[in-house]
Amino acid sequence: MTIHIDNLTQTQVNMLDHMWSLDTEQDYLDWYETLDAGDQHCADVLQRLVILESVEEILGNHAEARAVLQRFRL
């Protein structure tokens, strides 16, 4: 599965790359705790974007499901 997210800043891309490089949930939580509130918010938003894109990839061209997901897009 390929996830594609448009319109990210270079900082967001770097954060996603780092998030993706972490091996375990505990590694992620340990890293997350080192972030300031603004960066934690950014990590939260990026995590949600990845989840949404993953679900959209799985659903494919199901128009009704896409319409429901679109309501939750940030």
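Residues numbered from 1 in each chain as written. Predicted model: local features only at pLDDT ≥ 70, side-chain atom pairs only at ≥ 80, totals over all residues. Heavy atoms only, no water.

Draft legend 1. Quick peek at the side chain of Gln40. Here Gln40 is to be found in helix α3 (residues 37-59). Polar contacts involving the side chain of Gln40 include one to the main-chain carbonyl oxygen of Tyr32, which spans 3.1 Å. Residues within four places of Gln40 in sequence aside, it is in contact with Tyr32, Glu33 and Leu35. (Helix = DSSP H or I, 4+ residues; strand = E, 2+ residues; numbered from the N terminus. Polar contact = N/O pair within 3.5 Å; in protein donor to acceptor, adjacent residues only side chain to side chain. Contact = heavy atoms within 4.5 Å.)

Draft legend 2. Structural detail: the confidence of the model for the protein. Summarising the model, the protein shows a mean pLDDT of 88, and 96% of its residues fall at 70 or more. By mean pLDDT, helix α4 (residues 63-72) is the weakest element of the protein at 76, and helix α2 (residues 25-33) is the strongest at 97. (pLDDT = per-residue confidence, 0-100.)

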